[in-house]
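A look at the structure
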Amino acid sequence: MSVLLLATYDTKQQEADYLITALTALGVPVETCDISLHAGGAQWGPEAKIAGMAKATERAIKEISEKPQMGRRMVVAIGGGTGGQIALRVLKSLPLAMPKVLVTTLPFDPRYIMADSAIVLVPTVADLCGLNATTRAALDQAAAITGGLYHATLPTGPVSLSPSIGVTSLGVTGPGTDALCARLRQTGNEVTVFHANGFGGAAFARWATNGAFKSVIDYTPHELTRCYIAGVNADMPGRFTSMGHLPRVVLPGGVNFIGMGEPALMPETYLARPHYSHSPLFTHVQCTEDEMVKCANILGEALKQATAPVRVLIPMAGFSSEDRPGGAIESKALRNAFADTLETHVPLTRLSGHINDSATADAAVDALDAISKETSHA
């Protein structure tokens, strides 16, 4: 078995050779793939550079696909600012289960492009412009990580023989999803929880399309507000449609607020609304009625595309931890607006409890059991 090393060999040959030597010393055979721009030393303009990056990505993906796949254990990539972005796109194209390591200076926020991919990051701290104590240390760490993964006998734990149940959660719906997962696991189900923070939803959608789930409980579709109102999020066009072929239960966890950053960095228009500090770095801002209606319409249209049974449950006592009597963003009117609008698209059941009540979690499990039986008998 071998490790495939992606690198911009026209600019990072020295660093690549160092890593190859380190891996070889650990008994790891290496094959190579060049992701260079092949600019020939020319300083390209912005448009030419972007086009060149796209061509380098396509060229590498084509080359990898044409090489024999059998025996390749994992993929490692080295890249600076430009090469790192090319490498990320190539790594994202590879099979989900294949281990991937990226050694990069990270001069950008990688969450947006990495959200739906399992990639181990090794930051070089210093730029990859030749070997020095700092870059050698980073490359040594990358070699150690790669060697460990290469020689490991995986998996090390029990393997589930059936797909998992996909669940979405946030801290503001944590008590509800904790109760939900506990009950699902009591009945022998494996549960995979995704953090619906604008990035976890991208992975949730990709996993759904890759056969990882047998069913889904979208307990926290908070990313409706991030994708369609405001807040940071990765690109996730299939967030609410990619699991349409699976039995699905949907609740409105977290759809009543917008996830913003530190208060000092927020626009005045959001500071004027009811809000609270979820943590020193994150602020939750109450949605307006128009925003709730918009999110309900978008979700409703997505649910109507489903080919498998869907059940929608609305806990009318609150959609998140601070949407409760005395809470910072409590609003019965917003809950009613969301439920009334969504009901024009799909049937739904209004529950008397709160999103974090154990009874709400039980209702979600019961609903999933019911539609799963419908599917199995169909």
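Everything below is about the structure printed above this text.
Everything quoted here is computed from the prediction, not taken from an experiment.

**So, the overall build of the protein chain**
A count of helical and extended segments in the protein chain gives 12 helices and 14 strands. With 378 residues in all, the protein chain has 50% of them scored as buried. Within the protein chain, residue pairs in contact and separated by at least 24 positions form 75% of the contacts whose partners lie at least 6 positions apart. When the accessible surface of the protein chain is totalled, it reaches about 16600 Å², and 56% of it is carbon and sulfur.

**Quick notes on the environment of Gly 83**
Mapped onto the fold, Gly 83 is located in helix H3 (residues 81–92). A residue is classified by how much of its surface remains accessible, and Gly 83, at 7% relative accessible area, is buried. Note: C-alpha distance between Gly 83 and Thr 11 (72 residues apart in sequence) is 9.3 Å.

**Observations regarding the packing of aromatic side chains**
One pass over the full model with this rule turns up six aromatic pairs. With 5.1 Å between their ring centres and 80 degrees between their planes, Tyr 112 and Phe 199 make a pair best called edge-to-face. In this pair, Tyr 112 sits in helix H4 (residues 111–114) while Phe 199 sits in the loop between strand E7 (191–195) and helix H7 (200–209), placing the two residues 87 residues apart along the sequence. Ring plane angle 75 degrees and centroid distance 5.9 Å describe the contact between Phe 319 and Phe 338, whose orientation is recorded as edge-to-face.

**Considerations on the sheet that holds strand E12 (residues 282–286)**
Across the sheet, which stays open at both edges, the three strands sit in the order E10-E12-E11 with antiparallel pairing between neighbours. At either end of the open sheet lies a strand with only one pairing partner, and these are strand E10 (257–260) and strand E11 (275–279). Neighbouring strand axes in the sheet, compared pairwise and without regard to direction, differ in orientation by 25 degrees on average. For E11 and E12, the ladder comprises four bridges, and the chain directions are antiparallel.

**Things to note about the environment of Ile 298**
Structurally, Ile 298 can be placed in helix H10 (residues 289–303). Sequence separation of Ile 298 and Tyr 228 is 70 residues, and the distance between their C-alpha atoms is 8.7 Å.

**Looking at the sheet that holds strand E4 (residues 100–104)**
Read from one edge to the other, the open sheet built from five strands follows the order E2-E1-E3-E4-E5, with strand pairing classed as parallel. Either end of the sheet is taken by a strand with one partner, and the two such strands are strand E2 (30–34) and strand E5 (120–123). Across the sheet, the mean angle separating the axes of adjacent strands is 20 degrees when strand polarity is ignored. When strand E3 (residues 72–79) meets E4, the two strands line up parallel, connected through five bridges. Within E4, the residue paired with Val 75 across the bridge is Lys 100. Each of strand E1 (2–7), E3, E4 and E5 is contacted by helix H5 (residues 133–151), which is oriented at about 165 degrees to E3, the strand it contacts most.

**Some remarks on H5**
Taking 1.5 Å per residue, 19 residues should reach 27 Å; H5 reaches 27 Å between its end C-alpha atoms and fits that length. Backbone nitrogen of Thr 134 and a side-chain oxygen of the N-cap are separated by 3.0 Å at the start of H5; the cap is Asn 132.

Conventions and cut-offs
Residues numbered from 1 in each chain as written. Predicted model: local features only at pLDDT ≥ 70, side-chain atom pairs only at ≥ 80, totals over all residues. Heavy atoms only, no water. Helix = DSSP H or I, 4+ residues; strand = E, 2+ residues; numbered from the N terminus. Buried < 20%, exposed > 50% of the residue type's maximum accessible area, 1.4 Å probe, protein only. Contact = heavy atoms within 4.5 Å. Areas by Shrake-Rupley, 256 points an atom, 1.4 Å probe, with all protein chains shown as cover. Phe/Tyr/Trp six-rings, centres within 6.5 Å; stacked < 30°, edge-to-face > 60°. Pairing = 2+ DSSP bridges. Axes fitted to C-alpha atoms, helices over the stretch in contact; angles between N-to-C directions. Expected span 1.5 Å × (residues − 1). Polar contact = N/O pair within 3.5 Å; in protein donor to acceptor, adjacent residues only side chain to side chain.

Any link to function would need more than the numbers given here.
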